[in-house]
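Structural overview for review
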Amino acid sequence: MDDIKGGFATTAAAMVAILLGSPFNAMTAPYVIALAEKNYSYEVVDLIGITWMILAYPFVFFAARAGIIAALTTAGVYLAYRFI
């Protein structure tokens, strides 16, 4: 049962990351870049901006995967208690 739940969660999280990775980056990048501008030179700020853009997708993926697994587990426990 874990294989099915994990496979579904991974597939669904990949779809969520594709859909929400760019909006997450668009909403958070100005804050990350502003913070980097206070502490680093211009060249490093560009590198941090690019790195943040690349890392936005894994952040969204793993957060979505954890949320989906938690939701599936909660739904399974609820159904188990409901039908016992």
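Summary of the structure given here. Numbering of residues starts from 1 in every chain and runs along the sequence as written. In view of the model being predicted, local features appear only for residues whose pLDDT reaches at least 70, and side-chain atom pairs are presented and counted only at 80 or more, with totals across whole chains, interfaces and linings using the full set of residues. Each side-chain value is derived from all of the structure's non-hydrogen atoms; neither hydrogens nor water enter the calculation.

Secondary structure follows DSSP: runs of H or I at least 4 residues long count as helices, runs of E at least 2 residues long count as strands, and numbering of each begins at the N terminus. Each helix and strand counted, the protein chain has 2 helices and 0 strands in total. The atom set for the radius of gyration is the C-alpha atoms, and the globule formula is 2.2 Å times the number of residues raised to the power 0.38. Relative to the 2.2 N^0.38 estimate, which gives 12 Å for 84 residues, the radius of gyration of the protein chain is 18 Å and therefore markedly larger than a compact globule would have. A principal-axis box enclosing the C-alpha atoms of the protein chain has dimensions of 60 × 20 × 15 Å. Throughout this description, buried means an accessible area under 20% of the type-specific maximum (1.4 Å probe, protein chains only), exposed means over 50%, and partly exposed covers the range between. Classification of the 84 residues of the protein chain by burial places 21% in the buried group. Should any heavy atoms of two residues lie within 4.5 Å, those residues are considered in contact. Counting contacts in the protein chain only where the partners sit at least 6 residues apart, residues at least 24 apart contribute 77% of the total. Note that accessible areas follow from Shrake-Rupley with a 1.4 Å probe, and for residues the cover is restricted to the protein chains shown. Accessible area of the protein chain: about 6,300 Å², with a carbon and sulfur share of 74%.

Here glycine 7 lies in helix H1 (residues 2–39). Of the residues examined, glycine 7 reaches a relative accessible area of 34% and is grouped as partly exposed. Once the C-alpha coordinates of glycine 7 and isoleucine 69 are considered, the two residues, 62 residues apart in sequence, prove to be 10.0 Å apart.

Moving on, we come to the packing of aromatic side chains. Side-chain rings of Phe, Tyr and Trp, where Trp is taken by its six-membered ring, are said to pair if the distance between their centres is within 6.5 Å; with planes under 30 degrees apart they count as stacked, over 60 as edge-to-face, and otherwise as tilted. The final tally for this structure, using the stated rule, is 3 aromatic pairs. Through a chain of ring-to-ring contacts, the aromatic side chains of Phe24, Trp52 and Phe59 assemble into a single cluster.

A separate point is a nonpolar patch on the surface. A residue counts toward a patch only above 30% relative accessible area and without a salt bridge, and it is joined to like-charged neighbours within 9 Å or, for Val, Leu, Ile, Met, Phe, Trp and Tyr, to nonpolar neighbours within 5 Å. Salt bridge criterion: a side-chain nitrogen from Lys or Arg within 4 Å of a carboxyl oxygen from Asp or Glu. A surface patch of nonpolar side chains, amounting to about 290 Å² of accessible area, comprises Ile50, Met53 and Ile54. Positionally, isoleucine 54 belongs in helix H2 (residues 42–83). Exposure remark for isoleucine 54: the relative accessible area of 53% places this residue in the exposed category.

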